[in-house]
Amino acid sequence: MTVVIFFLMSIFTARGVILCVILSIRITFGIMCEVRLPNPHLDQIKSDYTYHLGIPLDQDTAKKFADVKFVCIGGTPGRMRSTCTLLARQLYGHDIERNEDFDFYFENERYSGYKKGDVFCVNFHFFPQHGLGLPSLSIMMHEVLKLLRCARCRDVTILRLGTCGGVGVPPGTVIISEESLDMDLAPLYHTSSFGEHLNLPVKSDISVINDLKSVWKENECLQDIPLISAKTYCSDDFYQGQARLDGSFCDKTEADRQRFYTKLYEHGVRNIEMESAGVLALTYKAGVKAAVVCVAVDSLEIDINTVSPEQMNQWIERPIRLAAQLIKSKLFP
């Protein structure tokens, strides 16, 4: 559509001709899609390093990651290793038996990541199981985006895959986040910069959402997965922030919990988790496509502690299976 608009401009104006030529050059050489971050100071840094991922941002790293098209991020190291193992088998026919079978991997006391072909999978919970929510997610996102910039990656899509609490949906339902809302039900990500409050807009990429819906409809192997797209409530806490009554302390009642969930449901919210706002706000600011895809593993009606390990594992695999078909459709159309 953009190309058509510039072509029509070129018919009537000399400026339009110039713009059309520039656009054609950028499309031809991939400049439009290259990851470029809105931080001019990065150009002045001669030697950079991702402190928490532990990956140097140098020429060798750039070569290793230059082909990355998809970054899958999730909570635990084991889940991301399993995700990359599954994708390696489905996309490239490669069986992963040990870490050395990946094209690249790292594991440290904070994070871990695994790369195979065009896909890089990294967890945002501190290794092995410490760190939840937006703070640890933000650190990882900053460094992954810098890594993509260093490698001059083009046309990258970031997929946050994980679990969530359901709001008026059966457990096992996969929810694609159309919006991520704060406690005031506004699509904002709250952080700080130089001691000042910073509220970043949260924007979902509608093209990625539509692509996910399309591969779900077109693939028979995904028809056992109930899928919806809806608003997501992004909490900064697992217990009181998500209206749970089983934390160390709580001065609310079951009736209060019911009223809170009813309020969310009437506002179009269908799930609660703790990272979506950060993912969608930071990728939007960086100009990188992204989507949040989570499966509901508990709700008002069903407590997570009552779900069998076998059933839980089946549910957890659902966003990964959906992501695998999306990636396959893009890499091997």
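Structural notes, computed from the coordinates. (Residues numbered from 1 in each chain as written. Predicted model: local features only at pLDDT ≥ 70, side-chain atom pairs only at ≥ 80, totals over all residues. Heavy atoms only, no water.)

This part covers the packing of aromatic side chains. Counted according to the given criterion, the structure contains eight aromatic pairs. For the pair F238 and Y239, a centre-to-centre distance of 5.1 Å together with 85 degrees between the ring planes defines the contact as edge-to-face. A relative accessible area of 32% means that F238 is categorised as partly exposed. Sitting over the face of the ring of F238, R244 holds its NZ or CZ atom 4.1 Å from the ring centroid. It is R270 that lies over the ring of Y265; its NZ or CZ is 3.5 Å from the centre. (Phe/Tyr/Trp six-rings, centres within 6.5 Å; stacked < 30°, edge-to-face > 60°. Buried < 20%, exposed > 50% of the residue type's maximum accessible area, 1.4 Å probe, protein only. Lys NZ or Arg CZ within 6 Å of the ring centre and 35° of its normal.)

Our focus in this paragraph is the nonpolar core. Residues V71, I73, V122, M140, L148 and I158 are the most contacted members of the largest nonpolar core, which totals 47 residues. With eight residues, helix α5 (residues 134-150) is the largest single contributor of residues to this core. Those residues within four positions of M140 in sequence are excluded, and the remaining contacts are L53, I73, Y111, V122, N123 and F124. Among the nonpolar cores identified, the runner-up in size contains 38 residues, and C84, V215, L222 and I320 belong to it. (Core = buried A, V, L, I, M, F, W, Y, C linked by side-chain atoms within 4.5 Å. Helix = DSSP H or I, 4+ residues; strand = E, 2+ residues; numbered from the N terminus. Contact = heavy atoms within 4.5 Å.)

Going through the model one piece at a time under the given rule, you end up with 17 salt bridges. Of the charged contacts, one joins E34 and R154 as a salt bridge, the two residues approaching to 3.5 Å between their closest N and O atoms. With E34 in the loop between α2 (14-29) and β1 (48-50) and R154 in the loop between α5 and β7 (157-166), this pair connects stretches of sequence that are 120 residues apart. By relative accessible area, E34 is classed as buried at 11%. Using a relative accessible area of 31% as the deciding quantity, one classes R154 as partly exposed. In this structure, E179 engages K231 in a salt bridge whose closest nitrogen and oxygen atoms are separated by 3.9 Å. Separated by 52 residues along the polypeptide, E179 in strand β8 (residues 174-181) and K231 in strand β11 (residues 227-234) bring together distant segments of the chain. In this structure E179 comes out as partly exposed when scored by relative accessible area, which is 29%. Look at the salt bridges and you will find they share partners, linking E34, R152 and R154 into a network. (Salt bridge = Lys/Arg side-chain N within 4 Å of Asp/Glu carboxyl O.)

Moving on, we get to the environment of D237. The residue D237 is located in the loop between β11 and α7 (254-266) in this model. Overall, D237 belongs to the partly exposed group, its relative accessible area being 29%. Along the primary structure D237 and L134 are separated by 103 residues, whereas in three dimensions their C-alpha atoms are 9.6 Å apart. Beyond its immediate stretch of four places on either side in the chain, D237 contacts Q242 and M274.

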